[in-house]
Amino acid sequence: MSTENKISQALAHLSPNLVAEILAESATVEIPKDTEILREGQYVKVIPIVVNGLIKVFSRHKDKELLLYYIKPNESCVMSFAASMKNEPSKVFAITEEDTTALLLPVDKVSGWTKQFPGINTLFFQLYNLRYSELLDTINHVLFDRMDKRLYDYLIEKERLTNRNPLKISHRHIASELGTAREVVSRVMKKLEAEGKVKQHSSSIEIIHM
């Protein structure tokens, strides 16, 4: 599917007049994998809608980071939307998980569109509900799940989103996304391998589906 068709699909639920405004005022960009597109403390100037690829959003406290959620195709970043509408610095940071195509909506235009086109509010309210549920799941995982379950669920979700198995990922990288220490990940990974749930290779981790 062409980029134009994917953009049309991402905006299909909006009114034709709003779509025309978005296409006239927004820019489509190609962002390489592992690019930080939003810094903590940065004032938001554009709001992305992912056309193709994947973006991950993190929270940071002191020297610990925690993966909050992913922004998938046809989705946007509600945290960026909220910060921009309040003209506040971002409380999160975002990095591309894969090479990503994104439609960048200028904040000054979005503010006007929310008044002129109610449909764009529906888009972000739906995403608020989705992110709220995902954040509750993240909190429950952190508070109540054992690390072996958190780690295995994380790998399964990563496989589902990237459609890759084995996953080319390091213990240090996993630890940074789960908000824990590399040594903890290495220890728990050995446990999962002993249970036959994963197989570790020199530079990747294979998930064994029972």
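Going by the structure above, here's the rest.
As the structure is a prediction and not an experimental result, all values here were calculated from the model.

**Considering helix H2 (residues 16–25)**
At step 1: Those residues of H2 not exposed but buried are Leu18, Val19 and Ile22. The arc that holds the buried residues of H2, viewed along the axis, is 100°, so those residues lie on one side. Turned more than 90 degrees away from the buried face of H2 sit Pro16, Asn17 and Ala24, all of them exposed.
At step 2: Next to the buried residues of H2 lie strand S7 (100–106), helix H4 (107–116) and helix H5 (118–144).

**Details of the sheet that holds strand S1 (residues 27–31)**
At step 1: On the basis of which strands lie adjacent, the open sheet formed by 3 strands has the order S1-S7-S3 and antiparallel pairing. Only two strands of the sheet have a single partner each, and these edge strands are S1 and strand S3 (46–52). In this sheet, adjacent strand axes meet at a mean angle of 35° when their direction is disregarded.
At step 2: As defined by bridge partners, S3 adjoins S7 across 6 bridges and the pair is classed as antiparallel. Bridging across to S7, valine 46 finds its partner in proline 106.

**With respect to a nonpolar patch on the surface**
At step 1: Together, Tyr132, Leu136, Ile139, Val142, Leu143 and Phe144 make up an exposed nonpolar region whose accessible area comes to about 640 Å².
At step 2: Note on placement: leucine 143 falls in helix H5.

**Notes on H5**
At step 1: Relative to the 39 Å expected for 27 residues at 1.5 Å per residue, H5 spans 39 Å between its end C-alpha atoms, a close match to the ideal helical length.
At step 2: Considered for burial, the residues of H5 that qualify are Ile120, Leu123, Phe124, Leu127, Arg131, Glu134 and Thr138.
At step 3: Residues of H5 that are buried sit in contact with H2, S3, strand S5 (64–71), helix H3 (78–86), S7 and H4.

**Here we look at the packing of helix H7 (residues 171–178) against helix H8 (residues 182–194)**
At step 1: Across the interface, H7 lies against H8 with an axial gap of 8 Å and an inter-helix angle of 110°. The orientation of H7 with respect to H8, classified from their angle, is roughly perpendicular. Of the two possible hands of crossing, H7 and H8 adopt the one that is right-handed. Residues His171, Arg172, Ile174 and Ala175 of H7 touch H8, and the partners they reach there are Arg182, Val185, Ser186 and Met189.
At step 2: Looking at side-chain class alone, the contact of H7 with H8 contains 4 nonpolar, 2 polar and 2 charged residues.

**Considerations on the sheet that holds strand S6 (residues 93–96)**
At step 1: The antiparallel open sheet is built from 4 strands, whose spatial order is S2-S6-S4-S5. The outermost strands of the open sheet, each flanked by one partner alone, are strand S2 (36–38) and S5. Neighbouring strand axes in the sheet, compared pairwise and without regard to direction, differ in orientation by 35° on average.
At step 2: Across 2 bridges, S2 lies against S6 in antiparallel orientation.

**Describing the pattern of salt bridges**
Oppositely charged side chains can form a pair if their charged atoms are brought close together.
At step 1: Under the counting rule described, the total for this entry stands at 19 salt bridges.
At step 2: In this structure, the salt-bridge partner of glutamate 40 is arginine 60, at a minimum N-O distance of 3.0 Å. Of this pair, glutamate 40 sits in the loop between S2 and S3 while arginine 60 sits in strand S4 (residues 55–61), and the two are 20 residues apart along the sequence.
At step 3: For glutamate 40, a relative accessible area of 37% corresponds to the partly exposed category.
At step 4: Glutamate 134 is the partner of arginine 131 in a salt bridge, and the nearest nitrogen-oxygen pair spans 2.8 Å. Taken together, the residues arginine 131 and glutamate 134, both in helix H5 and 3 residues apart, mark about one turn of the helix.
At step 5: A relative accessible area of 2% means that arginine 131 is categorised as buried.
At step 6: Classification of glutamate 134 by relative accessible area gives buried; the value is 19%.
At step 7: Each of Arg146, Asp148, Lys191, Glu195 and Lys197 takes part in one network of salt bridges that share partners.

**Section: the packing of aromatic side chains**
At step 1: Scanning the entire structure with this criterion turns up 3 aromatic pairs.
At step 2: Here phenylalanine 125 and tyrosine 128 contribute two aromatic rings whose centre-to-centre distance is 6.5 Å and whose plane-to-plane angle is 40°, an arrangement assigned as tilted. One end of the pair, phenylalanine 125, and the other, tyrosine 128, are both in helix H5, 3 residues apart, so they sit about a helical turn from each other.
At step 3: Overall, the relative accessible area of 55% leaves phenylalanine 125 in the exposed class.
At step 4: Taking relative accessible area as the criterion, tyrosine 128 reaches 31% and is therefore assigned partly exposed.
At step 5: The ring of phenylalanine 93 has arginine 60 lying over it, and the distance from NZ or CZ to the ring centre is 4.2 Å.

What counts and how
Residues numbered from 1 in each chain as written. Predicted model: local features only at pLDDT ≥ 70, side-chain atom pairs only at ≥ 80, totals over all residues. Heavy atoms only, no water. Buried < 20%, exposed > 50% of the residue type's maximum accessible area, 1.4 Å probe, protein only. Helix = DSSP H or I, 4+ residues; strand = E, 2+ residues; numbered from the N terminus. Arc of directions from axis to C-beta. Contact = heavy atoms within 4.5 Å. Pairing = 2+ DSSP bridges. Axes fitted to C-alpha atoms, helices over the stretch in contact; angles between N-to-C directions. Patch = residues over 30% accessible without salt bridge, like charges linked within 9 Å, V, L, I, M, F, W, Y side chains within 5 Å. Areas by Shrake-Rupley, 256 points an atom, 1.4 Å probe, with all protein chains shown as cover. Salt bridge = Lys/Arg side-chain N within 4 Å of Asp/Glu carboxyl O. Expected span 1.5 Å × (residues − 1). Parallel < 35°, antiparallel > 145°, perpendicular 65-115°, else oblique. Left-handed = near helix turned anticlockwise from the far one by under 90°. Nonpolar A, V, L, I, M, F, W, Y, C, P; charged D, E, K, R; others polar. Phe/Tyr/Trp six-rings, centres within 6.5 Å; stacked < 30°, edge-to-face > 60°. Lys NZ or Arg CZ within 6 Å of the ring centre and 35° of its normal.

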